[in-house]
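Spelled out from the first residue to the last, the chains are:
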Amino acid sequence: MSNKIGPLAAALVITFGITLTGLEAQTIVTVDETNANWGFLDETSPGPGTVTSDFVLGPATPPRGSGSAHLALGAMTDGVIIATQNHVGTRLADITTLTYQSYQNISPQAISLQFNIDYDDADSTTSWQGRLVFEPLNSGTVLTDTWQSWDAMSGSWWSSGTPIVGDTPAASTCTQGSPCPWATLLTTYPNIAIHGLPLGLVFFKAGSGWPAGFDGNVDDFHIQTAAFNTVYDFETTVPVELQSFSID
């Protein structure tokens, strides 16, 4: 188990494919124990928590490859994420695809997709402004013990911080109690973007008030703009132990 985001400077393990809709190159990035561009973090406060964060085979048949990223909670106060800084500064208006798949043992909780956000990347404010959160439970029926696909751009989002627009604090349009569509975010905050360095993270999270015993997985994260078309395939390099046996 790893509980800290590692250095974000190592090379990615990359293979290339071609999209079925045209000639645009799609980059498939394998994320496993050797990939320093993604890392786990225990977000339990106060911590440390009783979390599990690792790469595993399965569960069942993952949507891509044979493995997934695994996030599990031992207590309601636990929180755990897997995060990357690969997409700092990306404007939400430029994103054309934003999908992933999850697997969970209970409902209605399912692993959420979150951004550390800058509500106006055209102004001079670069301070912390909170997180933008897509929770599957606000956008569909969460099933258990099966892989389930989520189109985050078609779902509802809420923010945890205070928007700064034109260097001035603004009212929050999309709250946890009243999440809003992707289109509303773009209309309300035309220059909204994933925060720049060092705050800019794209991440998946489980916990912070969820039931103890939640056990979930995430895989097949697809994010696309005109500048890049990337699919993250979560895998594991840990070898499977073969059990020896004898026949009498």
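Look above for the structure.
A brief structural summary. All values derive from a computational prediction rather than experimental measurement. (Residues numbered from 1 in each chain as written. Predicted model: local features only at pLDDT ≥ 70, side-chain atom pairs only at ≥ 80, totals over all residues. Heavy atoms only, no water.)

**Some points on the overall build of the chain**
Thought 1: Looking only at helices and strands, the chain features 1 helix and 18 strands.
Thought 2: Across the 248 residues of the chain, 48% fall into the buried class.
Thought 3: Sequence-distant contacts in the chain: of pairs separated by 6 or more residues, those separated by 24 or more amount to 73%.
Thought 4: By element, 56% of the accessible surface of the chain is carried by carbon and sulfur atoms, the whole surface being about 11,300 Å². (Helix = DSSP H or I, 4+ residues; strand = E, 2+ residues; numbered from the N terminus. Buried < 20%, exposed > 50% of the residue type's maximum accessible area, 1.4 Å probe, protein only. Contact = heavy atoms within 4.5 Å. Areas by Shrake-Rupley, 256 points an atom, 1.4 Å probe, with all protein chains shown as cover.)

**Let's talk about the pattern of salt bridges**
Pairing is possible between side chains that carry opposite charge, provided their charged atoms lie close to one another.
Thought 1: In total, this model carries 4 salt bridges according to the counting rule given.
Thought 2: In this structure, arginine 64 and aspartate 220 form a salt bridge, with 2.8 Å as the shortest nitrogen-oxygen distance. With arginine 64 in the loop between β4 (52-57) and β5 (67-72) and aspartate 220 in strand β17 (residues 215-224), this pair connects stretches of sequence that are 156 residues apart.
Thought 3: Owing to a relative accessible area of 14%, aspartate 220 belongs among the buried residues under this scheme.
Thought 4: The partner of aspartate 121 in a salt bridge is arginine 91, with the nearest N and O atoms 2.7 Å apart. Remark: arginine 91 occurs in the loop between β6 (79-84) and β7 (97-104) and aspartate 121 occurs in the loop between β8 (112-118) and β9 (131-134); sequence separation between them is 30 residues.
Thought 5: What makes arginine 91 partly exposed here is its relative accessible area of 28%. (Salt bridge = Lys/Arg side-chain N within 4 Å of Asp/Glu carboxyl O.)

**Structural notes on the side chain of serine 68**
Thought 1: Tracing the backbone shows serine 68 in strand β5.
Thought 2: What serine 68 contacts, discounting residues up to four positions off in sequence, is Asp54, Phe55, Val56, Gly58, Pro59, Trp147, Asn217, Val218, Asp219, Phe234 and Glu235.

**Topic: the environment of threonine 97**
Thought 1: Here threonine 97 lies in strand β7.
Thought 2: Separated by 126 residues in sequence, threonine 97 and isoleucine 223 have C-alpha atoms that sit 5.3 Å apart.
Thought 3: Beyond its immediate chain neighbours, meaning those up to four positions away, threonine 97 contacts Met153, His222, Ile223 and Gln224.

Any functional reading would require information that these geometric values do not contain.
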